[in-house]
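If you want the building blocks of each chain, they are given just below.
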Amino acid sequence: MTTRTAYPWEAAASGAAAALAQQLSNHVPQLDTARLVLRAPRLDDFPDYAGILMSDRARFMDGPFSRQSAWLDFTQYAAGWQLRGVGMWTAEQRKSGAVAGFFSAGMEYGDREHELGYLLTADFEGQGLAAEAIAAVRDFALTTLELPSLVSYVDPDNLRSAKAAERSGAQRDTDAEATFDSKVLVYRHLLQDSDGGMEGYA
């Protein structure tokens, strides 16, 4: 079923273009956790993405965003798969199929290292889903994709985001934080070794 939208650029492709889009999306690796399926983003996921970025929930990301800025952010992360081999996943709740949020391993303009980003919709906060998905993205990014390092940049006032990073096993990197002109928490994601400790990074 085609999702109808008042914005032509948000409408699903059709014909051969739709088939090619699906073919490319099939190459985005799916990650499975106990409660979530992380899959390739689709155009009909954008309203959920915009709903986060255009609300007060994006205040720690210099938001709320305009719809245009949210669109550019969404398409930037989707394009990352083709350009850099990293990008964004849409997280679906396994039980219902509802969009629970968005997780990414990306490199935005100005980033010093690959960043693990995470956004949850309001309905799915407070259930431990972020830490669950963060761990899956971390393991895939550092092992299968062999990224040299992976961090999350967190606003010091965003306590919920900081707790999610900590629950996933990420560790504060105060040396990296000291290199920024503005206040930011840098959480470094490292693989857990067999003894429950953390492995180093390149």
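Shown above is the structure to which this text applies.
Here the residue index of a chain counts from 1 through its sequence in written order. Only residues with pLDDT of 70 or above have their local features reported here, since the model is predicted, and side-chain atom pairs are shown and tallied only from 80 upward, although totals for entire chains, interfaces and linings are computed over all residues. Side-chain metrics in this entry use all non-hydrogen atoms of the structure; hydrogen atoms and water are not considered.

K.L.:
What's the story with the packing of helix H2 (residues 46–53) against helix H3 (residues 67–84) in this structure? I'm lost.
P.N.:
Two quantities define a packed helix pair, namely the angle between the helix axes and the distance between the axes. One way to put it is that H2 packs onto H3 with a least axis distance of 9 Å and a crossing angle of 125°. On the basis of the axis angle, H2 is oblique to H3. Handedness of the crossing formed by H2 with H3: right-handed. For the pair H2 and H3, the contacting residues are Phe46, Tyr49, Ala50 and Leu53 in the first and Arg67, Ala70, Trp71, Asp73, Phe74 and Tyr77 in the second. Lys, Arg, Asp and Glu make up the charged group, whereas Ala, Val, Leu, Ile, Met, Phe, Trp, Tyr, Cys and Pro make up the nonpolar group; the residues left over, Gly among them, are polar. Among the residues making up the contact of H2 with H3, the classes are represented as eight nonpolar, no polar and two charged. Lines fitted to the C-alpha atoms define the axes, with helices restricted to the stretch that makes contact. Angles between their N-to-C directions range from 0 to 180 degrees. Helix and strand labels come from DSSP, where a helix needs a run of H or I of at least four residues and a strand needs a run of E of at least two; each type is numbered from the N terminus. Throughout this description, any angle smaller than 35 degrees is read as roughly parallel, any larger than 145 degrees as roughly antiparallel, any in the 65 to 115 degree range as roughly perpendicular, and the remainder as oblique. Crossing handedness is read from the near helix: turned anticlockwise from the far helix by less than a right angle, it gives a left-handed crossing, and turned clockwise, a right-handed one. Contact definition: two residues touch when any of their heavy atoms are within 4.5 Å.

K.L.:
Explanation requested: the side chain of Ser152 in the structure shown.
P.N.:
Along the chain, the position of Ser152 falls in strand E6 (residues 151–154). For every residue, the accessible area (1.4 Å probe, protein chains only) is compared with the maximum for its type, and the residue is labelled buried under 20%, exposed over 50%, or partly exposed between those bounds. Ser152 gets classed as buried once you look at its relative accessible area, which sits at 1%. Distance and chemistry together define a polar contact, namely a pair of N or O atoms within 3.5 Å, with one atom able to donate a hydrogen and the other to accept it when in protein, and with adjacent residues in sequence counting only for side-chain atoms on both sides. Looking at Ser152, its side chain comes within polar contact range of the main-chain oxygen of Leu116, at 2.6 Å. Ignoring any residue separated from it by four or fewer positions in sequence, one finds Ser152 in contact with Glu115, Leu116, Tyr118, Leu185, Val186, Tyr187 and His189.

K.L.:
Mind showing me how you'd approach the environment of Gly80 here?
P.N.:
Secondary-structure assignment places Gly80 in helix H3. Assessed through its relative accessible area of 11%, Gly80 is described here as buried. The spacing of Gly80 and Asp45 is 35 residues in sequence and 17 Å in space, taken between C-alpha atoms. When sequence neighbours within four positions are dropped, the list of residues in contact with Gly80 reads Gly85 and Val86.

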